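Each chain, letter by letter, is given below.
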Amino acid sequence: MNEPTRLHRLFILFPLVNSVKSLIPIAALVSIKFLNGKSLRDIPWYWLSAVIVIIAGLLLLYGYLKWKRFVYTLEEDKILIRRGVLFREELSIYTGRIHSMNMEQPLLQRILGLTQVRIETPGKTEGGGLLPAITNSEGERLQRWLRERTRTRQTEREVQQQTYEGREQSEHNLPDESEGLSVQLPEPQTIHESVDPSALNMSRQNTPAINADPNAADRRNAGDPFTVEEERSTLLQLSTGRLLIAALSSPNLSLALAFVGGILSFADDLLPDQMYQSAFQSAGKLLPGSWISIAVLALIVSWLLSAVLYTIKYAGFTVERIGKQISVSCGLLEKKRLLFSPERVLAITVKEGVFRRWFGYAEVKVHVLTSESDKHFMLHPLLKTTDIPELLERVTPQFTAQAISASPPSRAKWMYLRWKLGFAAAASAACIWYFEMPGMLSLLLLPLAVSWGLRSHRDSGLNVTDKQLTIRSRFVALSTRYIRRPQIIALEISGTRRQRRRGLLSLQVKMIFSEINESLSGMDQQEIEAVRAWFQKKKGEATVPTERNNPPIELL
């Protein structure tokens, strides 16, 4: 058992800094309201300073107690975390339940030169296995400790499996009396990863040494098993030019508009009353053409803002292979390094935006079993669609980029057109009612809705192979999802009476997390029945049963 380890001493400042960060917007609004028509001399600076000093001292004392009573210990098969000031908490996280150990650098940790380690376990809430302030070398040591434990457990499992298979085979094949019955255990094997020479050279230039911990030599002399060097190679690294193209070709307008809306919501408090009322009255006198110009300008600003946010989020995007695990690191202000095992990938999504599809590019995301609210990681922000099979082969070889083999029939077009036409008709009616004659331009939404629905019908489809289901659909961007059979919890097949009379059914694939469920509408009944038979087929069966009473199929 190792000795208990504390966090870095700078963790004492965290309660104070976090409190100041959360109180800055409130303090700004209160100051504006308080100073409205008053002088700075009216502020009781003496009492205000005394209150600030007392609160800061209490927060520093609380931070010291949190640091003093927060320790973690690495044991043979688990990591033990003890923490709590008033109420003590002891958390035991066994290595068999750890999915990954991710290194993150939020803005505060990055300024202080620290990192935080998030231990991912199934069903664990936010902040469960979190070490918020340790050095980078200590984070690397923890990750090596987990990989060493995982490798040892896998080796033991393989030896037991081979031993069991050898004994089972010897029981079936009875030997002669002259022959002795023996089971030969496999010799220990050294795990080697295939490394591209060019990628390896890149990784040596751009990644720190594995043994960057200043105490590594002492631990190696003491026989610490965490210092095992692993092969490390850079699979891909996004250049600045490619990142800029990815940012401009993937506008996240919802995020940018939410940011603009948040600024406008504070306008009433930040602007003087006369200025706010004057701007509001002037906006009511604008002509329809001016409103259109403002809308176009707002879209351009939102697009540029989303590109800036995208660049900040994915700056320095790098994918590495460390042993048998994949590491994804990115971030300009808040740097994250996500580590996951390829066998824990639930599904893969390939998304082709409107602009990207014209030039043959897409983004690739992996959905991993994790306790975070965000269940998917970016595997490549901008990749040629022709290079996707090679990427999957290198990172997640259990997935293959399969083409669509079945599409919705022509009689299902109305299912893709009805809601889009209904929305366009309602929007056109509202524009005509409010703008009168200029609002007639909104009738152009009707042919756009028809084109949108027909493209959605044309691009949708599915494909079933031995152990993988591929579903492709379109809302605005074209999305293709690859799902492995063992990761599917249930299939839900539904259809109205009218749809069933026309031989049409809809399919919904339910997985462990509802965020990555996938659905497809208006497919031919025979194709859906084939998917159901594929899902019900047991391992090793030559024929597929078709009974409907075999769970977990849900028919609606």
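Residues numbered from 1 in each chain as written. Predicted model: local features only at pLDDT ≥ 70, side-chain atom pairs only at ≥ 80, totals over all residues. Heavy atoms only, no water.

1. Considering the overall build of the chain
When its secondary structure is counted, the chain shows 17 helices and 21 strands. Taken across its 556 residues, the chain has 39% of its residues classed as buried. Per element, the accessible surface of the chain, about 32,600 Å² overall, is 60% carbon and sulfur. (Helix = DSSP H or I, 4+ residues; strand = E, 2+ residues; numbered from the N terminus. Buried < 20%, exposed > 50% of the residue type's maximum accessible area, 1.4 Å probe, protein only. Areas by Shrake-Rupley, 256 points an atom, 1.4 Å probe, with all protein chains shown as cover.)

2. Side note on the packing of helix 14 (residues 413–435) against helix 15 (residues 445–459)
The N-to-C vectors of helix 14 and helix 15 enclose an angle of 155 degrees; their axes lie 8 Å apart at closest approach. Taken together, the axis directions place helix 14 and helix 15 in an arrangement best described as roughly antiparallel. For the crossing formed where helix 14 meets helix 15, the hand is right-handed. Mapping the contact onto sequence places Lys 413, Tyr 416, Leu 417, Lys 420, Leu 421, Ala 424, Ala 425, Ala 427 and Ser 428 in helix 14 and Leu 445, Leu 446, Ala 449, Val 450, Trp 452, Gly 453, Leu 454, Ser 456 and His 457 in helix 15. When its residues are assigned to classes, the contact of helix 14 with helix 15 shows twelve nonpolar, four polar and two charged. (Axes fitted to C-alpha atoms, helices over the stretch in contact; angles between N-to-C directions. Parallel < 35°, antiparallel > 145°, perpendicular 65-115°, else oblique. Left-handed = near helix turned anticlockwise from the far one by under 90°. Contact = heavy atoms within 4.5 Å. Nonpolar A, V, L, I, M, F, W, Y, C, P; charged D, E, K, R; others polar.)

3. Observations regarding the side chain of Asp 524
Among the structural elements, Asp 524 can be located in strand 20 (residues 518–524). Contact partners of Asp 524, with chain neighbours within four places excluded, come to Pro 409, Arg 411 and Gly 503.

4. So, the sheet that holds strand 17 (residues 478–484)
Taken in spatial order, the six strands line up as 14-13-12-17-16-15 in an open sheet, and their pairing is antiparallel. Lying at the two open borders of the sheet, with one neighbouring strand each, are strand 14 (376–384) and strand 15 (461–464). Direction aside, the axes of adjacent strands within the sheet are offset by 15 degrees on average. Bridging between strand 12 (residues 345–352) and strand 17 involves six bridges; their strand directions are antiparallel. (Pairing = 2+ DSSP bridges.)

5. Concerning the pairing of strand 6 (residues 115–120)
Counted residue by residue, strand 6 has six buried out of six residues, so it is predominantly covered. What you see with strand 6 is no split at all: Thr 115, Val 117 and Ile 119 on one side and Gln 116, Arg 118 and Glu 120 on the other are buried throughout. Where strand 5 (residues 100–105) meets strand 6, five bridges bridge the pair, whose relative direction is antiparallel. Paired with Met 103 across the two strands is Val 117, which belongs to strand 6. Direction of pairing for strand 6 relative to strand 7 (residues 130–134): antiparallel, over a ladder of three bridges. By the bridge assignment, Arg 118 is partnered in strand 7 with Leu 130.

6. As for a nonpolar patch on the surface
A grouping of Leu 244, Leu 248, Ile 292, Val 296, Ile 300, Trp 303 and Leu 304 is seen on the molecular surface, where their side chains present a nonpolar patch of about 600 Å² in accessible area. Sorting the residues of the nonpolar patch by element identifies helix 7 (240–248) and helix 11 (288–314) as the ones contributing at least two each. With five residues, the top contributor of residues to the nonpolar patch is helix 11. Looking at the secondary structure, you find Val 296 in helix 11. On the basis of relative accessibility, which here comes to 44%, the residue Val 296 falls in the partly exposed class. (Patch = residues over 30% accessible without salt bridge, like charges linked within 9 Å, V, L, I, M, F, W, Y side chains within 5 Å. Salt bridge = Lys/Arg side-chain N within 4 Å of Asp/Glu carboxyl O.)

7. Digging into the nonpolar core
Phe 317, Val 319, Phe 340, Ile 348, Val 364 and Val 366 are the most contacted members of the largest nonpolar core, which has 36 residues in total. Ala 412, Ile 493, Ile 528 and Val 531 belong to the second-largest nonpolar core, a separate cluster that totals 27 residues. (Core = buried A, V, L, I, M, F, W, Y, C linked by side-chain atoms within 4.5 Å.)

8. Digging into helix 17 (residues 525–536)
Between the first and last C-alpha of helix 17 there are 16 Å, a value that for twelve residues agrees with the 16 Å anticipated at 1.5 Å per step. If you check which residues of helix 17 are buried, you get Ile 528, Val 531, Arg 532, Ala 533, Trp 534, Phe 535 and Gln 536. The N-cap residue of helix 17 is Asp 524: its side-chain oxygen and the backbone nitrogen of Gln 526 are 2.9 Å apart. (Expected span 1.5 Å × (residues − 1). Polar contact = N/O pair within 3.5 Å; in protein donor to acceptor, adjacent residues only side chain to side chain.)

9. Section: the pattern of salt bridges
Evaluated as defined, the whole model comprises 15 salt bridges. The shortest N-O distance in the salt bridge between Glu 75 and Lys 78 comes to 3.8 Å. The exposure class assigned to Lys 78 is buried, which follows from its relative accessible area of 16%. In the salt-bridge network here, residues are joined through shared partners; they are Arg 356, Glu 363 and Lys 365.

10. Focus: helix 14
Helical geometry note: an α-helix holds 3.6 residues per turn, so side chains three or four residues apart project in the same direction. Over its 23 residues, helix 14 runs 33 Å from end to end, which matches the ideal 33 Å to within 8%, given 1.5 Å per residue. Those residues of helix 14 that fall on the buried side of the exposure criterion are Met 415, Tyr 416, Leu 417, Lys 420, Ala 424 and Ser 428. As for helix 14, its buried residues are in contact with helix 15, helix 16 (497–501), strand 19 (504–511) and strand 20.

11. Digging into the pairing of strand 2 (residues 71–74)
The alternating pattern of strand 2 places Val 71 and Thr 73 on one face and Tyr 72 and Leu 74 on the opposite face, and all of these are buried. Taken together, the two bridges between strand 1 (residues 5–6) and strand 2 define a ladder with antiparallel strand orientation. For Arg 6, the partnering residue across the bridge sits in strand 2 and is Val 71. Pairing of strand 2 with strand 3 (residues 78–83) involves four bridges; the strand directions are antiparallel. Looking at the pairing, Leu 74 lines up with Ile 79 of strand 3. Here strand 2 folds back onto strand 3, and the loop between the two strands holds three residues.

12. Quick look at the sheet that holds strand 11 (residues 335–340)
Ordered by their spatial adjacency, seven strands build an open sheet running 7-6-5-11-10-9-8, and the pairing between neighbours is antiparallel. In this open sheet, the two edge strands, each paired with only one partner strand, are strand 7 and strand 8 (232–237). On average, adjacent strands in this sheet sit at an angle of 20 degrees to one another, irrespective of strand direction. As judged from the five bridges shared by strand 10 (residues 325–330) and strand 11, these two strands associate in the antiparallel manner.

13. Examining a positive patch on the surface
A cluster of like positive charges, contributed by Arg 418, Arg 497, Arg 498, Arg 501 and Arg 502, occupies part of the molecular surface. Per element, the largest residue contribution to the positive patch is three residues, and it comes from helix 16. (Lys, Arg positive; Asp, Glu negative; His and termini not counted. Charge placed at Lys NZ, Arg CZ, Asp CG, Glu CD.)

14. What to know about the packing of aromatic side chains
Scanning the entire structure with this criterion turns up nine aromatic pairs. Aromatic side chains Tyr 46 and Trp 47 sit 5.6 Å apart centroid to centroid with 85 degrees between the ring planes, which places their arrangement in the edge-to-face category. A relative accessible area of 61% means that Trp 47 is categorised as exposed. Geometrically, the ring pair formed by Tyr 314 and Phe 317 is edge-to-face, given 6.3 Å between the ring centres and 65 degrees between the ring planes. Each member of the pair, Tyr 314 as well as Phe 317, carries the same accessibility label: buried. In this structure an aromatic cluster arises from ring pairing among Phe 11, Phe 14 and Phe 70. The ring of Trp 452 is capped by Lys 420, whose NZ or CZ atom sits 5.1 Å from the centre of that ring. Positioned above the aromatic ring of Trp 414 is the side chain of Arg 498, whose terminal nitrogen or guanidinium carbon lies 4.4 Å from the ring centre. (Phe/Tyr/Trp six-rings, centres within 6.5 Å; stacked < 30°, edge-to-face > 60°. Lys NZ or Arg CZ within 6 Å of the ring centre and 35° of its normal.)

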